[in-house]
Amino acid sequence: MASFNCHFSFNTTHKITDDAASNVPLVTKSLPQCEICKKVFSETYNLIQHLKTHSPSNKYKCESCDKTYTRKHGLMRHLRSHTGEEPFSCETSS
């Protein structure tokens, strides 16, 4: 196996996991999928949270681009896209 050092940085911690796992073969299994937009999730909980995005009850609104969110956490994470902030770094080294 080749050695590498990753120097990427991300605005959310789950993207670090995605980056670290990108070279790992995926196991084929049935995953929860949104019937509306066909997005696939690793956990049923994530699908349940995602389904709220299709609801008109999004109450957290970005003042920069008018995008809306069902949870405050979603808005706070989104705001980093406007500032360029990437507080989480990949520290993978093999």
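Residues numbered from 1 in each chain as written. Predicted model: local features only at pLDDT ≥ 70, side-chain atom pairs only at ≥ 80, totals over all residues. Heavy atoms only, no water.

(A) The arrangement of helix α3 (residues 72-83) in detail. The first and last C-alpha atoms of α3 sit 17 Å apart over twelve residues, in line with the 16 Å expected at 1.5 Å per residue. By the burial criterion, the buried members of α3 are G74, L75, H78 and R80. The inward-facing, buried residues of α3 abut β2 (60-61), β3 (68-69) and β4 (88-89). Residue G84 follows α3 closely and has a positive phi angle near 80°. (Helix = DSSP H or I, 4+ residues; strand = E, 2+ residues; numbered from the N terminus. Expected span 1.5 Å × (residues − 1). Buried < 20%, exposed > 50% of the residue type's maximum accessible area, 1.4 Å probe, protein only. Contact = heavy atoms within 4.5 Å.)

(B) Fine view of the UniProt feature "domain: C2H2-type" (unreviewed entry) in the chain. According to UniProt, the "domain: C2H2-type" (unreviewed entry) feature falls on residues 32-59 and 60-87. The straight-line gap between the two end C-alpha atoms of residues 32-59 is 26 Å; of that span, 29% is helix and 0% is strand. Taken end to end, residues 60-87 is 43% helix and 14% strand, and its two terminal C-alpha atoms sit 22 Å from one another. (UniProt positions renumbered as here; feature names shortened; annotations may be inferred.)

(C) Up close: the pattern of salt bridges. In this structure the tally under the stated criterion is two salt bridges. Across the pair E35 and K38 runs a salt bridge, and its minimum N-O distance is 3.7 Å. E35 gets classed as exposed once you look at its relative accessible area, which sits at 62%. Relative accessible area serves as the criterion here: at 47%, K38 is assigned to the partly exposed category. Its salt-bridge partner being D66, residue K61 comes within 3.7 Å of it at the nearest N-O pair. (Salt bridge = Lys/Arg side-chain N within 4 Å of Asp/Glu carboxyl O.)

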